[in-house]
Amino acid sequence: MTPSTVKPLFQDANVFDVDPSTGFMSPGVPLSRLPVQWEAWEAILDAASTAKIQPGDKPDITEQEMAASKGWRDSARKLPVLSITDMESTPVELRRAHLVLAYLLHFYVHSLPPTAPVSIPRSISLPLLRVSIILDIPPLLTFADTVLYNWVLRKPSDSEVPAVQNLQTKTMFTGLIDEEEFYLCSGRIELRGVEALELMRATMDEIFIGDGTAVRRITEYLTTMTGVINELKVLLQDVRKQCDPDIYYNEVRPWFRGEDSDLERRKWVFEGLGEDPSLSPPVELSGPSAGQSSMIHVLDIFLGVKHQSPSPDKPSFMSRMQRYMPRNHRLFLDHLNANPRPLRAFVMSSENAELHDAFNRVVIALKEFRDAHMIIATLYILGPARRAAKQVWTNLAGPGEPLKGTGGTDLVKFLKDTRSRTTETIIP
Ligand code: HEM
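Residues numbered from 1 in each chain as written. Predicted model: local features only at pLDDT ≥ 70, side-chain atom pairs only at ≥ 80, totals over all residues. Heavy atoms only, no water.

Q: Before we move on, could you go through the coordination of the iron atom of the ligand and cite the residues and values that matter?
A: On the protein, His373 (NE2) is the one donor atom to the iron atom of the ligand, at 2.0 Å. For His373, the position within the fold is in helix H15 (residues 353-387). (Donors = N, O, S within 2.8 Å, 3.2 Å for Na, K, Ca; no water. Helix = DSSP H or I, 4+ residues; strand = E, 2+ residues; numbered from the N terminus.)

Q: Residue-level account of helix H14 (residues 343-350), with values.
A: Along H14, the residues classified as buried are Leu343, Phe346 and Val347. Burial along H14 is one-sided: seen end-on, the buried residues are contained in an arc of 100°. Summarising the contacts, the buried residues of H14 are in contact with helix H7 (194-209), helix H8 (212-237), helix H11 (294-303) and H15. Glu351, located one to two residues past H14, shows a positive phi value of around 50°. (Buried < 20%, exposed > 50% of the residue type's maximum accessible area, 1.4 Å probe, protein only. Arc of directions from axis to C-beta. Contact = heavy atoms within 4.5 Å.)

Q: Go over the pattern of salt bridges, please, and point to the residues and values.
A: Once the charged atoms of two side chains with opposite charge are near each other, the side chains can pair. Here the structure, examined in full by the defined rule, presents 31 salt bridges. Here the residues in one salt-bridge network are Asp136, Arg323, Arg327 and Arg330, joined through shared partners. (Salt bridge = Lys/Arg side-chain N within 4 Å of Asp/Glu carboxyl O.)

Q: An account of the confidence of the model for the protein is requested, with residue identities and associated values reported.
A: Here the protein averages 92 in pLDDT, and 92% of its residues register 70 or above. This stretch, residues 392-400, has a pLDDT under 50; its non-local contacts, to residues over four places away or in other chains, come to 18 contacts. Across the predicted assembly, pTM comes out at 0.93 and ipTM at 0.95. (pLDDT = per-residue confidence, 0-100.)

Q: I'd like to hear about the environment of Ala358, residue by residue, with values.
A: Relative to the helices and strands, Ala358 resides in helix H15. Classification of Ala358 as buried rests on a relative accessible area of 0%. Spatially, the C-alpha atom of Ala358 lies 8.2 Å from that of Thr226, the residues being 132 residues apart in sequence. In contact with Ala358, not counting residues within four places along its chain, are Thr219, Leu222, Thr223 and Thr226.

Listed below in C-alpha cells is the structure:
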C-alpha cells in the first residue's frame, strides 16, 4: 500500500461526531431542555429533584421520604406515553430525550423499596426504548448521558471550546457538588484529551509517509502526548478536591446501578414492550461507567493495548462498554481498530531508539494514569464499602466473593488486569 492510496484514519473524524475542538464531548452546549411537546418529562424530572427523592435502600430512609418517592412514582406512572415521532430526525433532541428518560428510569427503579419488583411504567419505558433504538444505545443511563451531553457553561463565553473549569453539570440525581464533580472530572479529561486526539491524527498521517522526517516528528508528537496524559492523570486525581468518597459511595453511586448490579438480582421489566413489534427486550443493562469513555479506548487502540476477556466465550469489559457509547464514536473506534499500519508495529520496525523511548514513555504515562485510577477506585469504592454500616456491595457478592464495579466487574482483579495489559504494550 502506498501513501497515496491510503486514506488517513483520522481524516473523517467529524463524520464520526468527533469534534476538532471538543472531541467526544458535544460540539456545542447540549440542548438543556426539550421543546414544550415533551415538557411533561422535563417537569417530572424537575419534580424528582425538588422532592429530593432518595434511593429505596437508603439505610435510614424515613416514612416521609418513602411516601414522597411513592407519590413521585405514581405521578410518573400517570404520564401519557408521548410520541417521539417529531424528534426522530433531530439528534440533539433525541440525545436530551435519552438523558431525561434514562434519569427518570433510574429515579424510578432505585427509589423503589429494595425488594419490590422492578416494573418500569409505559410512560418511561416505551419512549426510552424507541429513542434508544434510533440512537442504537441501551435504554438506561450511559456515560454520554451523565457527561458528554450533560453540561452548560458556568459563565457565558464566546470561545468555541469551553474552558475545562467553565463546565457545569445540567442534570443530576442529588444536586450535590460531589455528584457534579464526579461527572465534571470526566468531562475535563475529555476536553483536555482533545490535544491527544490531534497528536494521534498527526502521528497517523506521518506513519503513512514513514520517512526519516516522519520518524522525528512522531517522536516529538509522542513526547507531547506523554505530557497530555500526565495532565489527564492530574485531572483525575483532582476529583478528590470536591467529591467526598463516602458521599459519592453512599449517596451518588446507588443511583447508577444497572440491572446486572441489582442488589436483589431483580429483572427489570419494561412495561408495554410486547405491544410494539419493533421493540425487543434489552439484552444487557450495565450502569454508567467512565469505562465507556471513548477517549481512553482511543488511547488503548492507538498504543496497541489489547484487553482480554476472562473467558474466551465472553467479550471483554472494554468491548462490552463500547455498546454503551454513542453509535458514531463506536464506529470511530472500529475504524481505528482496522488501521492497516498500527503505531506499535511501526515503532518496532523503525529500530529508532528515540522513537522507541518516546513510545514507551506514552505507554508508561497511560499505565500511571491507570495506577492513579486504581487508587481513586480504592478510595471511592473499596474504602467506603468497608466503612458503610450496611455493606451493600458485599451483601450482593455474598461472603468471600469479590466487590463488583458499576459495570458488574470483579473490580480489583479487573483494574489490575487492564493495568497489566497496558504494561505489556511496552516495547522491550
Ligand atoms: C471517582 C472517580 C472514579 C471512580 C470511583 C471510578 C471507578 C471505576 C470502577 C469501579 C471501574 C470498574 C469498571 C466498572 O465496573 O465500572 C472503572 C473502570 C474504568 N474507569 Fe473509572 N472511576 C472513576 C473515574 C474515572 C475517570 C475520570 C475516567 C476517565 C475518563 C475513568 C476511566 C475508566 C476506565 C477507562 C475504566 C475501564 C478500566 C480501565 O481502563 O482501566 N474512571 N472505574
